[in-house]
Amino acid sequence: IDELLEEGVEGKRVFVRADLNVPLDGTTITDDGRIRAVVPTVKALADAGARVVVASHLGRPKGAPDPAFSLAPAAARLGELLGAEVAFATDTVGESATATVAGLGDGQVAVIENLRFNAGETSKDDAERGAFADQLAALADLYVGDGFGAVHRKHASVFDLPARLPHYAGHLIATEVGVLKKLTEDVQRPYAVVLGGSKVSDKLGVIDHLLEKADRILVGGGMVFTFLKAQGHEVGSSLLQEDQIPVVQEYLKRAEASGVEFVLPVDVVVAPAFPDMKTKAPTNPETVAADAMPAGQMGLDIGPATSELYASKLADAATVFWNGPMGVFEHPDYAEGTRAVAQALVDSPAFTVVGGGDSAAAVRTLGFDENAFGHISTGGGASLEYLEGKTLPGLAALEG
Ligand code: 3PG
């Protein structure tokens, strides 16, 4: 983008593909990290006199307008953060978008409605995506990719549109890629990776890859129970991906053979049922040994002995990457594991990277100062796929 700013953008319509996919409670944004992250790029362009058209997806609507997934709250928040009026188009490539963009003066900013209200955005059909990209291209003269959280998606606005316009990488993408490079090239050791979250299948690729790269892998979150089951333990009514058991068993064997320390919880917090997330009413949790979970109980967080163990494994690391909460942190009864891991990262002298929408939201909603971490990535799937060594369509398109 520096190159673009040097060339001059005054009066030019610049399409900024951002990732404004923020968590919402109704129309209230519960974590605005992703919006704040794109402000430097939008501001730099607006200050240089560009007519900035910001676009993003939000959630997973089904290719048609759905008010529950409107970007209006994100547009309003962007305006507050910029301290400027931000126009909002109530469609993506229709009359409202065309009129809104035509009405922009130099240095003004507009947000267009959720890209995923159009089936062409996420279509697997190249022609369908291309047709939508053509419509988007008509709104702008230049393209700036800055939606790091979506660069792993081969979507029209991420992959096809940059091929149709002169394209540049924004500040956020440049920063994110710079940090991820530190985790893949010349990494400082010991290199510890903490993986949580609910689905083991989402993390398999990265575990597979990290078994060759990391020194320690610590596991938390719902995927713990697939590992415990693979070791022959009772997991009660906990989340379980039976079909992944053979894969997980192979990983445990490979870890042993390669000398990677693979660390699983020694205790877990259980309850008879999943808590009510609407009322967040107190439950009756109990801590049990990980190899002695009672039948009928559901594991919802790592236990205190595990938190202590994981903190000790992070204390002398030189590099730490963390993706995925350790438990159901949104409920106060099951937030301790995630809080403990976040605290261990804060206390560690290591270069620490928090990756992923959920983990980033967790550290902020649990009250941590984001400056206490080396870097908080705006990308969940995107940073994992980068670490897996995959080619990311949104980055490849910017290089092309
Ligand atoms: C994310 O939240 O990881 C990104 O915004 C991508 O969203 P998606 O998984 O719905 O494509």
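Cut-offs applied
- Residues numbered from 1 in each chain as written.
- Predicted model: local features only at pLDDT ≥ 70, side-chain atom pairs only at ≥ 80, totals over all residues.
- UniProt positions renumbered as here; feature names shortened; annotations may be inferred.
- Near = placed C-beta within 6 Å.
- Nonpolar A, V, L, I, M, F, W, Y, C, P; charged D, E, K, R; others polar.
- Helix = DSSP H or I, 4+ residues; strand = E, 2+ residues; numbered from the N terminus.
- Buried ≥ 20, exposed ≤ 12 C-beta atoms within 10 Å, placed from the backbone.
- Contact = placed C-beta atoms within 7 Å.
- Pairing = 2+ DSSP bridges.
- Axes fitted to C-alpha atoms, helices over the stretch in contact; angles between N-to-C directions.
- Expected span 1.5 Å × (residues − 1).
- Parallel < 35°, antiparallel > 145°, perpendicular 65-115°, else oblique.
- Left-handed = near helix turned anticlockwise from the far one by under 90°.
- pLDDT = per-residue confidence, 0-100.

- Looking up the protein in an unreviewed UniProt entry gives the name Phosphoglycerate kinase, with the organism given as Streptomyces vietnamensis.
- If you open the UniProt record of the protein and go to Subcellular location (unreviewed entry), you find "Cytoplasm".
- Under the UniProt heading Pathway (unreviewed entry), the entry covering the protein gives this text: "Carbohydrate degradation; glycolysis; pyruvate from D-glyceraldehyde 3-phosphate: step 2/5."

### Here we look at the site of the ligand
Then, in step 1: In the region of the ligand, the neighbouring residues are Asp19, Asn21, Arg60, Gly149, Ala150, Arg153, Gly357, Gly380 and Gly381.
Then, in step 2: Among the residues making up the shell around the ligand, the classes are represented as one nonpolar, five polar and three charged.

### Focus on the UniProt feature "binding site: substrate" (unreviewed entry) in the protein
Then, in step 1: UniProt's feature table lists "binding site: substrate" (unreviewed entry) at Asp19, Leu20, Asn21, Arg34, His57, Leu58, Gly59, Arg60, Arg116 and Arg153, given in the numbering used throughout.
Then, in step 2: When you line up the elements, asparagine 21 lands in the loop between strand 1 (13-17) and strand 2 (24-25).
Then, in step 3: Given 24 C-beta atoms within 10 Å, asparagine 21 falls into the buried group.
Then, in step 4: Non-local contacts of asparagine 21, meaning those with residues more than four positions away in its chain, are made with Arg34, Ser56, His57, Leu58, Gly59 and Gly149.
Then, in step 5: Within the element layout of this structure, leucine 58 appears in the loop between strand 4 (51-55) and helix 3 (72-82).
Then, in step 6: Judged by local crowding, leucine 58 falls into the buried class, with 23 C-beta atoms found within 10 Å.
Then, in step 7: Residues contacting leucine 58, with those up to four places away along its chain left out, are Leu20, Asn21, Phe69, Leu71, Ala74 and Asn114.

### Observations regarding the sheet that holds strand 10 (residues 216-219)
Remark on secondary structure: sheet strands pair via backbone hydrogen bonds, oriented parallel or antiparallel.
Then, in step 1: Taking strand neighbours across the sheet as the criterion, the six strands line up as 11-10-9-15-16-17 in an open arrangement whose pairing is parallel. The sheet is open, and its two edges are formed by strand 11 (261-263) and strand 17 (375-376), each paired on a single side.
Then, in step 2: Of the strand pairs in this sheet, strand 16 (residues 351-355) and strand 17 are connected by two bridges, and their pairing is parallel. Bridge pairing links valine 354 to isoleucine 376 in strand 17.
Then, in step 3: On top of the sheet, helix 14 (residues 357-365) reaches strand 15 (319-323), strand 16 and strand 17; it is set at about 110° to strand 16, its chief contact.

### Some thoughts on helix 2 (residues 33-47)
Then, in step 1: A rise of 1.5 Å per residue sets the reference length of helix 2, with its 15 residues, at 21 Å; its end C-alpha atoms lie 22 Å apart and thus fit the reference within 8%.
Then, in step 2: By the burial criterion, the buried members of helix 2 are Arg34, Ile35, Ala37, Val38, Thr41, Val42, Leu45 and Ala46.
Then, in step 3: Close packing links the buried residues of helix 2 with strand 1, strand 4, helix 3, strand 6 (109-112), strand 7 (142-145) and helix 8 (171-184).
Then, in step 4: Two residues or fewer after helix 2 comes glycine 49, characterised by a positive phi angle close to 90°.

### Focus: the packing of helix 2 against helix 3
Then, in step 1: It is the contact of helix 2 with helix 3, at a shortest axis distance of 10 Å, that shows an interaxial angle of 60°. One finds that helix 2 runs oblique with respect to helix 3. Between helix 2 and helix 3 the crossing geometry is right-handed. Contact residues: helix 2 offers Ile35, Arg36, Val39, Val42 and Lys43, while helix 3 offers Ala74, Arg77, Leu78, Leu81 and Leu82.

### A closer look at the confidence of the model for the protein
Interpretation of the predicted coordinates at a detailed level should be avoided for regions scoring low in pLDDT.
Then, in step 1: Averaged over all residues, the pLDDT of the protein is 95; the fraction at 70 or higher stands at 100%.
Then, in step 2: Interface confidence for the predicted complex, expressed as ipTM, amounts to 0.98; the pTM equals 0.88.

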